[in-house]
Amino acid sequence: MKSKIETLAKLYLEGKPAEISTETQSELSDWLMGEFQQLSLNLLFCNDQRYNSPAEVFADIEQDQLWISTEAYDTSIYANPFFGAVLAAIHDYDHYRSQSDWSLEGEIAAYRTTANRAPSLEIQKILYSQIVLRAATHLYLGHQPEPKIVFS
């Protein structure tokens, strides 16, 4: 029997990249900027700083700072790659809000925290691909997969 991780990973790996309308891209960027403006953290952008555990992320958040990888998510759907880093910050903060780890269950909990604020089903689907499907694929492969948006 296939595990949930394998099932979700195969949806991601075998799925064709979704086509995102210009309107949805604009809605996503506007929503992310609004979410970003509500974060009361000092965001430190980098390419090589990585956290080793959720506890490290939470400790930094409690110190009002957060390191963000500028390569965290698929940036092809944004007018500016900055929005991929913004999603990473929002996602990390939602791990903190939900006190969730990096297991599949933890990623789903963090996704739900974010998705509950999303302005539309289309944005929720993008978040599901970026957060849940990509995390399941990472857990399945043991490394980050090529970024893409897949609607399962």
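Residues numbered from 1 in each chain as written. Predicted model: local features only at pLDDT ≥ 70, side-chain atom pairs only at ≥ 80, totals over all residues. Heavy atoms only, no water.

Asker: If you had to explain the overall build of the chain to someone new, which residues and values would you point to?
Answerer: Along its length, the chain carries 6 helices and 2 strands. What you see in the chain, going N to C, is helices and strands ordered as α-α-β-α-β-α-α-α. Here the chain has a C-alpha radius of gyration of 15 Å; the compact-globule value for 152 residues is 15 Å, and the two agree. With the C-alpha coordinates aligned to their principal axes, the bounding extent of the chain is approximately 40 × 35 × 30 Å. Looking at the chain as a whole, 45% of its 152 residues qualify as buried. (Helix = DSSP H or I, 4+ residues; strand = E, 2+ residues; numbered from the N terminus. Rg over C-alpha atoms; globule rule 2.2 N^0.38 Å. Buried < 20%, exposed > 50% of the residue type's maximum accessible area, 1.4 Å probe, protein only.)

Asker: Which residues make up the side chain of Asp94, and what are the values?
Answerer: Following the sequence through the fold, Asp94 ends up in helix H4 (residues 82-98). At 2.9 Å, the side chain of Asp94 and the side chain of Arg117 are in polar contact. With sequence-adjacent residues up to four places away left out, Asp94 is seen in contact with Ser100, Ala110, Thr113, Thr114 and Arg117. (Polar contact = N/O pair within 3.5 Å; in protein donor to acceptor, adjacent residues only side chain to side chain. Contact = heavy atoms within 4.5 Å.)

Asker: Please give an account of helix H6 (residues 121-141) that cites residues and values.
Answerer: Residue pairs three or four apart in sequence face the same way in an α-helix, which turns once every 3.6 residues. Taking 1.5 Å of rise per residue, the 21 residues of H6 would be expected to cover 30 Å, and the 28 Å separating its terminal C-alpha atoms lies within 8% of that figure. Maximum bend of H6: about 35°, positioned at Tyr128. Burial in H6 covers these residues: Ile123, Ile126, Leu127, Ser129, Gln130, Ile131, Val132, Leu133, Arg134, Ala135, Ala136 and Thr137. On its buried face, H6 sits against helix H1 (4-14), helix H2 (22-38), H4 and helix H5 (104-115). (Expected span 1.5 Å × (residues − 1). Bend = angle between axes of the 7 residues up to and from the residue.)

Asker: So what about the packing of H2 against H6? Which residues, and what values?
Answerer: At a minimum axis distance of 10 Å, the contact between H2 and H6 shows a crossing angle of 75°. Relative to H6, H2 is oriented roughly perpendicular. The residues of H6 that touch H2, namely those facing Thr24, Glu27, Leu28 and Trp31, are Glu122, Ile123, Ile126 and Leu127. Among the residues making up the contact of H2 with H6, the classes are represented as 5 nonpolar, 1 polar and 2 charged. (Axes fitted to C-alpha atoms, helices over the stretch in contact; angles between N-to-C directions. Parallel < 35°, antiparallel > 145°, perpendicular 65-115°, else oblique. Nonpolar A, V, L, I, M, F, W, Y, C, P; charged D, E, K, R; others polar.)

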